[in-house]
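Observations on the three-dimensional arrangement
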Amino acid sequence: MSFPARRFQRLLLPALLVAGLLGTGAAQAFDGKPAVDRNTLVVALSAGPGNLDPQVAPSVDSAKYAWNVFDTLYGFDLKGNLEPRLATSYQVSADGLTHTFKLRTGVKFHNGAPFTSQDAKYSLERILKPETKSTRRPYFVNTVTAVETPDAQTVVFKLSQKDGAFLNKVAGYLYIVPKAYTEALPTPEAFALAPVGTGPYRFVAHKIGQSIELARFDEFWGAKPGVAKVLLRFIPEASSRVNAVLAGEVDLAADIAPSDAEQLQARKGVSLVSVQGGSPLHIRVYSNDPATPLSKREVRLALNHALDRDAIIKSVFRGQAAPLASIIASSYPYGSNPALKPYAYDVARAKKLLADAGYAKGFETSVYCAAAFPRALCEAVAAYWGQIGVKTQIKTIDYVAFNRINNVHQSGPLAFSEFGNAIYDPIHVIGGSISKTGTWSDYFNPQVQALIDQVEGEADRDRRDALFRQILQLTHEDGQAILLAELNLNYAKDPALQWSPQVAGWSLNFRSVAWK
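Residues numbered from 1 in each chain as written. Predicted model: local features only at pLDDT ≥ 70, side-chain atom pairs only at ≥ 80, totals over all residues. Heavy atoms only, no water.

What follows deals with the overall build of the protein. Of regular secondary structure, the protein possesses 15 helices and 19 strands. Its C-alpha atoms give the protein a radius of gyration of 24 Å, near enough to 24 Å, the size a compact globule of 516 residues would have. With the C-alpha coordinates aligned to their principal axes, the bounding extent of the protein is approximately 70 × 65 × 40 Å. Burial status across the protein gives 55% buried among its 516 residues. Accessible surface, the protein: about 20800 Å² in total, of which carbon and sulfur atoms supply 51%. Here the protein contributes 54 positive and 47 negative side-chain charges, whose respective centroids are spaced 3 Å apart. (Helix = DSSP H or I, 4+ residues; strand = E, 2+ residues; numbered from the N terminus. Rg over C-alpha atoms; globule rule 2.2 N^0.38 Å. Buried < 20%, exposed > 50% of the residue type's maximum accessible area, 1.4 Å probe, protein only. Areas by Shrake-Rupley, 256 points an atom, 1.4 Å probe, with all protein chains shown as cover. Lys, Arg positive; Asp, Glu negative; His and termini not counted. Charge placed at Lys NZ, Arg CZ, Asp CG, Glu CD.)

One open sheet accounts for four strands, arranged β4-β5-β7-β6; its pairing is antiparallel. Of all the strands in the sheet, the pair left with one neighbour each is β4 (87-92) and β6 (144-151). Here the strands of the sheet are splayed against their neighbours by 20 degrees on average, with no regard to which way each runs. When β4 meets strand β5 (residues 98-103), the two strands line up antiparallel, connected through five bridges. In the strand pairing of β5, alanine 87 is matched with leucine 103. (Pairing = 2+ DSSP bridges. Axes fitted to C-alpha atoms, helices over the stretch in contact; angles between N-to-C directions.)

As a further point, take the packing of helix α14 (residues 446-456) against helix α15 (residues 461-478). At a minimum axis separation of 10 Å, α14 and α15 run at an interaxial angle of 160 degrees. The pairing of α14 with α15 is recorded here as roughly antiparallel in orientation. Taken as a pair, α14 and α15 cross one another with a handedness that is left-handed. Taken together, the residues of α15 that come into contact with α14 (itself represented by Gln447, Val448, Leu451, Ile452, Gln454, Val455 and Glu456) are Arg464, Leu467, Phe468, Gln470, Ile471, Leu474 and Thr475. Grouping the constituent residues of the contact of α14 with α15 by class yields eight nonpolar, four polar and two charged. (Parallel < 35°, antiparallel > 145°, perpendicular 65-115°, else oblique. Left-handed = near helix turned anticlockwise from the far one by under 90°. Contact = heavy atoms within 4.5 Å. Nonpolar A, V, L, I, M, F, W, Y, C, P; charged D, E, K, R; others polar.)

Here the focus is unusual backbone geometry. Between glycine 412 and the following residue, proline 413, the backbone shows a cis peptide bond with an omega angle of 5 degrees. Note on placement: proline 413 falls in the loop between α12 (399-406) and β16 (414-417). Look at lysine 133: it is not a glycine, yet its phi comes out positive at around 60 degrees. With respect to the helices, strands and loops of the structure, lysine 133 is situated in the loop between α3 (117-128) and β6. Since its relative accessible area comes to 59%, lysine 133 is described here as exposed. Phi is positive for tyrosine 424, close to 55 degrees, though the residue is something other than glycine.

We now examine the nonpolar core. Core analysis: the biggest nonpolar cluster contains 141 residues, and Leu73, Phe101, Phe140, Trp385, Phe416 and Phe510 have the highest contact counts within it. Not counting residues within four places of it along the chain, the set of residues in contact with phenylalanine 510 comprises Leu41, Val43, Asn68, Tyr201, Pro225, Val230, Leu232, Leu252 and Trp499. (Core = buried A, V, L, I, M, F, W, Y, C linked by side-chain atoms within 4.5 Å.)

Scanning the entire structure with this criterion turns up 22 aromatic pairs. Summarising the aromatic geometry, the rings of tryptophan 499 and phenylalanine 510 are spaced 6.0 Å apart at their centres and angled 40 degrees between planes, so their arrangement reads as tilted. Linking tryptophan 499 in the loop between β18 (497-498) and β19 (514-515) with phenylalanine 510 in the loop between β18 and β19, this pair joins segments that are 11 residues apart in sequence. The two residues tryptophan 499 and phenylalanine 510 agree in class, both being buried. Three or more aromatic residues joined by ring pairs make a cluster, and in this case those are Tyr74, Tyr90, Phe101, Phe140, Phe157 and Phe166. Its guanidinium or amino end placed over the ring of phenylalanine 191, arginine 126 lies 5.3 Å from that ring's centre, counting from NZ or CZ. (Phe/Tyr/Trp six-rings, centres within 6.5 Å; stacked < 30°, edge-to-face > 60°. Lys NZ or Arg CZ within 6 Å of the ring centre and 35° of its normal.)

Take it as geometry only, folks, not as evidence of what the structure does.
Here it is in C-alpha cells:
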C-alpha cells in the first residue's frame, strides 16, 4: 500500500519552482562556461563550517572546508579507503599499544614553516587539552597516554588499551596544525581567525555567513590541484542553490534536494552526480524502560514491518535513496552485512507481532521530527503505524534544540536520526548508537555488547569485518532501530568540471579538481 500522494504535495514545491525556471528559458546552465574563469571554482553549499579550527568544529560542514586546507597523517580516498598523507608508513607493535608513523619529508605549512614530528605531537596534545574545547578529544583522551618524537620524521603514539580503529581516527580527526605558530597565538580561539595548514589550498578570507575564499598552495607536497582559487558560497535555501546552478553563478552545488535532482537530470548542460551518502536514516528507539511497549522485541519488529520503504523512498525522496538493511550502510568500505535484507512490508505480520507482545489494539506513542527531516517523511511513518493501531504524535523541533536533548538522552521515546561517519569505520556509528556507553545509545543487548567490546580492540581488518557482521545480524533480529533508508548525496556541476564526490562521506575533496 502506498502512502496517499496528497501528503507529499509540499515536497513538490521546490521541483515545481525549478520546473518553472526550466520552462522560462531565462536561466542559463553552465554547459562548459565557468562562473568566473578556468582558474576559479565557485561552489554553493547549504551552510558554512561555523568554526575554521578543524580540531574544534563539530559539524559535517566543517569537513567541506577542512579537507582542503589541512592534512592528517593518513587520509581517505574517494571510496573511504585509507591512504598515506603526511605520513608515508605506519606500524603497530605486537601488543597493539604502540603506533609508529614515519613522516613525509619536505612538507611545508602555509606560513612557510617546515612540518616535523613536533607538529604532529603538538596537534594531538592540543586536542587533548580541555581549554581547546576540541570535539575530537573524546576519541583520544581515554586511550592515548603519551606521544614521543624519536626524530624529526617519526612520531609514536602510546596507548593504554588496544584500539582497532586508531588509524581511522587519526585519518578522520587528527588535523595537523603548526606548533610554533599556534602556540604564539594569544588564545586557543585565535587560530580560527587565521588558520594555517599543509593542505593543497590555503585560507584567504572568510565573510561570515557568506563565503570562504581559498587559494592554491603552490608549495603543497602532493600533486597540485588544477584550479588556483576556490570560493565556497553559503546558500541555505535549496531552491536558491538550484537557481544559482541554472543561472551559471556557481560551478558546483552541493546538497541538491531529491525533487530538484529529478528535474536537473533532464537538463542539458548540467551534470547531476549522485553517490550513496553513507548516512543511515533511521528512527532511534528508547528501548531500555521495561514498562514501555518499545522494550519488547516484537513491538520493535512490528514497527519495522509496518513501513513500506519503497513507497516512502519513491514519494518523499523521489527515488534518491535505497532501503536500509542495517545501521551500517552498504556503501561503507567494510563492516556492512550484505546478507541482511530490509524488513519486508507486511501489515498482517506487524499486527500479529503486536498481538504477541500484548498490544493487539495498538498503543500511543510520540516521535521527534527535527526540522532537518522532511515533514512528509514523519507523517508517512506515522500514517503507516496508524494502520496497525499505533497512534503516533509527531513532535516537530528545531534541529539545534533537538541536538541539545538528543545528546543527553532526552529525545525519547522515538526520534528520527542520521549518522555521518568521519572515520569510515563502523565503530563510529555502532559505538555511538548501539553500545551501552554510546552518546546516542538507548539500547543494551549483552550479546551485542560483548561483540562490541571485542571489536574495539581488534586491529585485523577481516576479523573486524566478521565481528561487525555478527553485530548487525543480532541487532537486525532484535529490531534495535526502525531502519528507513540510505539517502543519496546529490551534486550539480558543470559538465566540463572534472571532479568526483566522496562515496559515503559528506566531505568535499578538491585535491584533484580541474577544468577540461
